[in-house]
Amino acid sequence: MTENQKYAKTATKHSISIVEVNVNAKNLNYRKIKKCLQLRYSSIGIIINTKCFNFENIMLYASKNMLFNAPRKWLMFDLTDQHVNNSDCNKMIDPFCNECMKEINKPTLTALSKLNLSVDADIIMAMQGSHKLSLFEVFNYGKIQGGNLKILYIGDWTTRKKLDLSYITKYKYYRRWNFEQLNLRMVAVVSSQAKDFKYEYLNSVDTVAGVSVFTRISSIILHVISDIHNISYKYKVVDRWIGNYLQNSTPSVSRSLYFREQDISPVLRMDNSVGYVDFVYPSVTSIETRFYYRIPTRGPGKFENQFLRPLSTGAWFCVLAVCVLCVFVLMMSSKLERRQSSVQYAVFSVVASICQQFFEDSSEVALRRITAAGKMTILVTGISCVLIYNYYTSSVVSWLLSGPPPSINSLKELLESPLELTFEDVGYTRSWLQLPNYYYNKRNAKVEDELKQRKVFNKKGGPLLVPIEKGIGMVKDGGYAYHTEVYSANTLISRTFNQYELCELGSLKSIDKTLLFVSVQRDSPYKEFFVWSLLRLFERGIVSCIQGRTGAPDVSCEGRSPRALALGGAAPAFILLGTGYLLGIVVMVMERLVYPLKP
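From a predicted model like this one, the values you see are computed outputs, not experimental measurements.

What to know about the overall build of the protein
When helices and strands are counted, the protein shows 23 helices and 13 strands. Classification of the 599 residues of the protein by burial places 45% in the buried group. Residue pairs at least 24 apart in sequence account for 73% of intrachain contacts in the protein once pairs closer than 6 positions are excluded. Here the protein displays about 32800 Å² of accessible surface, and carbon together with sulfur accounts for 56% of that area.

Quick look at helix H18 (residues 468-477)
Restricting attention to buried positions, one finds in H18 the residues Ile-468, Gly-471, Ile-472, Met-474 and Val-475. Viewed end-on, H18 has its buried residues packed into an arc of 155 degrees, placing them on one side of the element. Positioned one or two residues after H18, Gly-478 has a phi angle of 95 degrees, which is positive.

Quick word on the layout of surface pockets
There is about 1900 Å³ of room inside the largest pocket. What lines the largest pocket is a set of 44 residues, among which Tyr-7, Val-19, Gly-45, Ile-46 and Ile-47 lie closest to the centre. Within the residue set of the lining of the largest pocket, elements represented by two or more residues are helix H1 (3-13), helix H2 (30-37), strand S1 (44-49) and strand S2 (72-78). In terms of residue count, H1 provides more of the lining of the largest pocket than any other element does, 7 residues in total. Class assignment for the residues of the lining of the largest pocket results in 25 nonpolar, 12 polar and 7 charged.

Side note on the nonpolar core
The biggest cluster of nonpolar side chains holds 98 residues, and the ones touching the most others in it are Trp-74, Trp-241, Phe-291, Leu-414, Tyr-428 and Phe-530. Broken down by element, this core gets its largest block of residues, 7 residues, from helix H9 (residues 213-229). Beyond its immediate sequence surroundings of up to four residues, Phe-291 is in contact with Leu-411, Leu-414, Leu-421, Phe-423, Leu-451, Ala-481, Tyr-482, His-483, Gly-506, Ser-507, Leu-508 and Ser-510. Residues Val-475, Tyr-482, Leu-492 and Leu-502 belong to the second largest nonpolar core, which totals 14 residues.

Considering the pairing of strand S6 (residues 182-189)
Counting buried residues in S6 gives 7 out of 8 residues, a clear majority hidden from the surface. Note that S6 and strand S7 (residues 231-238) share 8 bridges and pair parallel. Across the sheet, the residue bridging to Leu-184 is Tyr-233, located in S7.

What to know about the packing of aromatic side chains
Going through the model one piece at a time under the given rule, you end up with 29 aromatic pairs. With a centroid separation of 5.4 Å and an interplanar angle of 70 degrees, the aromatic rings of Tyr-245 and Tyr-258 are classed as edge-to-face. With Tyr-245 in the loop between S7 and helix H10 (253-258) and Tyr-258 in helix H10, the pair connects residues that are 13 residues apart, well separated along the chain. Here the aromatic rings of Phe-279 and Phe-517 are separated by 6.1 Å at their centres, their planes lie at 65 degrees, and the arrangement is edge-to-face. You can see Phe-279 sitting in strand S9 (residues 278-294) and its partner Phe-517 sitting in strand S13 (residues 505-520), a full 238 residues away along the chain. In this structure, Phe-279 and Phe-517 share a single accessibility class: buried.

Observations regarding the packing of H9 against helix H22 (residues 542-550)
Following both chains from N to C, one finds H9 and H22 inclined at 145 degrees, their axes separated by 10 Å at the closest point. Of the two elements, H9 crosses H22, and the hand of that crossing is right-handed. Of the residues in H22, those in contact with Val-213, Ile-217, Ile-220, Ile-221 and Val-224 of H9 are Ile-542, Val-543, Ile-546, Gln-547 and Thr-550. In terms of residue class, the contact of H9 with H22 is made up of 8 nonpolar, 2 polar and no charged.

Scoring rules and cut-offs
Residues numbered from 1 in each chain as written. Predicted model: local features only at pLDDT ≥ 70, side-chain atom pairs only at ≥ 80, totals over all residues. Heavy atoms only, no water. Helix = DSSP H or I, 4+ residues; strand = E, 2+ residues; numbered from the N terminus. Buried < 20%, exposed > 50% of the residue type's maximum accessible area, 1.4 Å probe, protein only. Contact = heavy atoms within 4.5 Å. Areas by Shrake-Rupley, 256 points an atom, 1.4 Å probe, with all protein chains shown as cover. Arc of directions from axis to C-beta. 1 Å grid on protein atoms, 1.4 Å probe; cavity = no way out; pocket = protein on both sides within 12 Å on 5 of 7 lines; lining within 4 Å. Points joined across faces, edges and corners; volume = space filled by probe spheres on them. Nonpolar A, V, L, I, M, F, W, Y, C, P; charged D, E, K, R; others polar. Core = buried A, V, L, I, M, F, W, Y, C linked by side-chain atoms within 4.5 Å. Pairing = 2+ DSSP bridges. Phe/Tyr/Trp six-rings, centres within 6.5 Å; stacked < 30°, edge-to-face > 60°. Axes fitted to C-alpha atoms, helices over the stretch in contact; angles between N-to-C directions. Left-handed = near helix turned anticlockwise from the far one by under 90°.

On their own, these measurements won't tell you what the molecule is for.
Shown next as structure tokens:
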């Protein structure tokens, strides 16, 4: 039985599956190697001899296909008859052993230096010494980012003395602590209208024009991690989060990470980017956006109040039916009383009751007798009209005494309002304007498409994208609805609005409160490291401290401020009064024209 067969038999007893691929052949079968290294349900271990004919080719193939990652455990045997002197290494257990690198065979060292290794690499190299094997850990903080090959001495293994495995089993990022000022490429979204932008603004606690608050919160947290682990960031600025995943498309955060042009971004929304990038958990910030506006005092009645139409259509039909019934009954009773103008008497009696007036019939019949049916009809008509007026006046008074609620409750009402739309010039708004399948809220997709066509793309005058200071100023002047995120808006509103203006301020939610995540490349070697680091910051309360320092105060109207009834709101009373005057004039003219003609 060969050594490989003995090893396979022993591994099988421990429920370990073994696959062997011959890499010494001249015509290397990469298809078998790919199948062998394919990850299924758990981590896999790879054992390879550096003296194999195709060792370097195998390693370059694994490097090109990003197979030196955490789930794949590599064990390389660098067997040689040459004696290796580890006297210096034995004195340096934790530091990087540069002296030991000199003892490694040059072909092996050359092959390792060509590999695209990163901080998550899990490679152990066993070098043959005098009656022992010296074990070394091989990794790089980032070959692409300019890092150098690191070889860390672990210990010696002999048949007599077992190796202390506590160092190997210890979490690897505890010993890969210092990144030695490695430059990680960071991409962030900054408004194109930001003037004299400096990268230090990404770490500012105060409001910065052109940099959203959630970008600053996440960036500050990432810089806390960089200070702890000796990392530096190389910045790139773009003007949008999501873009097309095409090679020559406009730069965006998701595109830069997808094509591995950048390593990390402070924040990214999951919508439209799942499957293209990876996200670091847990979330460190969130986004919530609204349309801010001052409650309109002009335009259709439903944007001032509902008093132009206090009753529903069905209620109005019921009122009309009651009036017709009263006219009919009153007309029948007047005929029994033998009145000369029974129709005129019935109609004008009901109209007079509706107008809270009295119609007097001076005929002799009226003086002699009035039927019980006529009395009852007049009573029913009067009570019905009093109830209708009582409901109307009660609605007016209750509305005037209550605080003003937001008069626009949906995007559909915003679409029909007289307000002009403006937007903050930030990355997610540019994506919303340019990508047909990107929405603030997918539940409102149809209304958002209609909003774009009617009020955005066909905007007649005024700027569409404005800085937040100017946008909030336009809201204060009235006539505009400005779309921005809540934190920055509350900060400016609390400084610039007085109590009277706060009581007239309304807002309509656009993006519900949504968690944002630090984003990295798909299958990024740095994902596990940043997850571990963020969890440690959460445990120590650093994340909540940063969120509290960058938070904005809540803004609200203190108490209740009654609103005056606008002319449009009181229009029904004026309309009814004017209708009564006109009707009186028409009756008078008819009397002047008709009665002189009678003999």
